[in-house]
Amino acid sequence: MGEIINVIDLAKSIKGQIAEFVSQRANNGEIIPKIASIVVGEDGGSIFYINSQEKVANSLGILFEKILLKESTTEENLINEIISLNNNEKIHGIILQLPLPKHIDEKKVISYISPDKDIDCLTYINQGKLYAGHKKFIPCTPNSVVTILDSLNINLQGKEVVVVGRSNIVGKPVAVLMLERNCTVTVCHSKTKDLQSVCQRADILILAIGIPNYIDSSYVKEEAIVIDVGTSSLNGKITGDVLIDDVIGKVSYMTKVPGGVGSLTTTLLMKNVCEALK
Ligand code: NAP
């Protein structure tokens, strides 16, 4: 029987380190990290995320400014807001909640975020640095995947890693981070032939597909480590890509959904703002 990785405890331990860093700075009279997080419009997901970011920031002593702009905000107004945050020395990290309303050019607006404050790693400059091996910030979801794997304290070198999903926000950066750990990485997608047999090769199988319960034990090698990034809604429940009950008997370790990869992302965003300040 495999072990479900306790990501909640891992997040608690990293939160403890961040809180210690912030309180030491406060005690020494040094600057405390501050995040500005922007939401444009009423997107329910974005409002949920900004509220949970605020809660986590407050619990760690990190300063947090919520910037709620109307749905009708113009592209120019939003860009001016970002420029003003770039120039504000008291702000160390900027988060822009996506998606933006349709009348705003997302790529154009993102290009105005200062790479030094781009703690969510949205800008092409920071993404380029990540791919070139000179990263400034690691995007939170891929960072969560590798932080979970690193926490297992196993030697990752030479491991066969299969990543299913090739999106810019998950699959591709995860593949690069696993390459950095000297793994042998295969990236699969919807056009991959015989996905099942490719997945069966994996010592570490990372799923970022978005189809609930798609991966059953027939995709998984004995004693593999399975990391489930997927979060889909199924019958009103957040559900991962992996059929947990079927797979758990075959793996050494796996994450569950909810309570897995997503439980660590906001914490790592907070860690990034501390890095920005350093
Ligand atoms: P995405 O942009 O839709 O990418 C999905 C990827 O899965 C694509 O590369 C797609 O292939 C591939 N795919 C789709 N059907 C497939 C199939 N039948 N066989 C093999 N590959 C298939 O999604 P995303 O933004 O990367 O997110 C993936 C999942 O992670 C979603 O459930 C999302 O909600 C979740 N997520 C979770 C967190 C978190 O914090 N836990 C954060 C971000 C995302 P093609 O490229 O060929 O289309």
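Residues numbered from 1 in each chain as written. Predicted model: local features only at pLDDT ≥ 70, side-chain atom pairs only at ≥ 80, totals over all residues. Heavy atoms only, no water.

1. Quick look at the sheet that holds strand S4 (residues 93–96)
Turning to step 1, where the next piece is worked out: With parallel pairing, three strands are arranged side by side in an open sheet as S3-S2-S4. Either end of the sheet is taken by a strand with one partner, and the two such strands are strand S3 (63–69) and S4. In this sheet, adjacent strand axes meet at a mean angle of 15 degrees when their direction is disregarded.
Turning to step 2, where the next piece is worked out: The pairing of strand S2 (residues 34–40) with S4 spans four bridges and is classified as parallel. In the sheet register, Ile 35 faces S4, and the bridge partner there is Gly 93. (Pairing = 2+ DSSP bridges. Helix = DSSP H or I, 4+ residues; strand = E, 2+ residues; numbered from the N terminus. Axes fitted to C-alpha atoms, helices over the stretch in contact; angles between N-to-C directions.)

2. Observations concerning unusual backbone geometry
Among all residues save glycine, negative phi is the norm, and among peptide bonds the norm is trans.
Turning to step 1, where the next piece is worked out: Following Leu 98, the chain continues to Pro 99 via a peptide bond in cis, the omega torsion being 5 degrees.
Turning to step 2, where the next piece is worked out: For Pro 99, the position within the fold is in the loop between S4 and helix H4 (106–110).
Turning to step 3, where the next piece is worked out: With an omega of -5 degrees, the peptide bond between Val 257 and Pro 258 qualifies as cis.
Turning to step 4, where the next piece is worked out: Relative to the elements of secondary structure, Pro 258 occurs in the loop between strand S11 (253–254) and helix H10 (265–277).
Turning to step 5, where the next piece is worked out: Although it is not a glycine, Cys 121 sits at a positive phi angle of roughly 55 degrees.
Turning to step 6, where the next piece is worked out: Among the secondary structure elements, Cys 121 is positioned in the loop between H4 and helix H5 (124–132).
Turning to step 7, where the next piece is worked out: Assessed through its relative accessible area of 3%, Cys 121 is described here as buried.
Turning to step 8, where the next piece is worked out: The backbone phi angle of Asn 153 is positive, close to 55 degrees, even though this residue is not glycine.
Turning to step 9, where the next piece is worked out: Within the secondary structure layout, Asn 153 lies in the loop between helix H6 (140–151) and strand S5 (160–164).
Turning to step 10, where the next piece is worked out: Judged by its relative accessible area of 70%, Asn 153 falls in the exposed class. (Buried < 20%, exposed > 50% of the residue type's maximum accessible area, 1.4 Å probe, protein only.)

3. Some remarks on the UniProt feature "binding site: NADP(+)" (unreviewed entry) in the chain
Turning to step 1, where the next piece is worked out: Look at the UniProt record and you will see "binding site: NADP(+)" (unreviewed entry) annotated at Gly 165, Arg 166, Ser 167 and Thr 231.
Turning to step 2, where the next piece is worked out: Turning to its location among the elements, Arg 166 is positioned in the loop between S5 and helix H7 (171–180).
Turning to step 3, where the next piece is worked out: In this structure Arg 166 comes out as partly exposed when scored by relative accessible area, which is 42%.
Turning to step 4, where the next piece is worked out: In this structure Arg 166 touches Gly 171, Lys 172, Val 187, Cys 188, His 189 and Lys 191, once residues within four positions along its chain are discounted.
Turning to step 5, where the next piece is worked out: Judged by its relative accessible area of 32%, Ser 167 falls in the partly exposed class.
Turning to step 6, where the next piece is worked out: When sequence neighbours within four positions are dropped, the list of residues in contact with Ser 167 reads Lys 172 and Pro 173. (UniProt positions renumbered as here; feature names shortened; annotations may be inferred. Contact = heavy atoms within 4.5 Å.)

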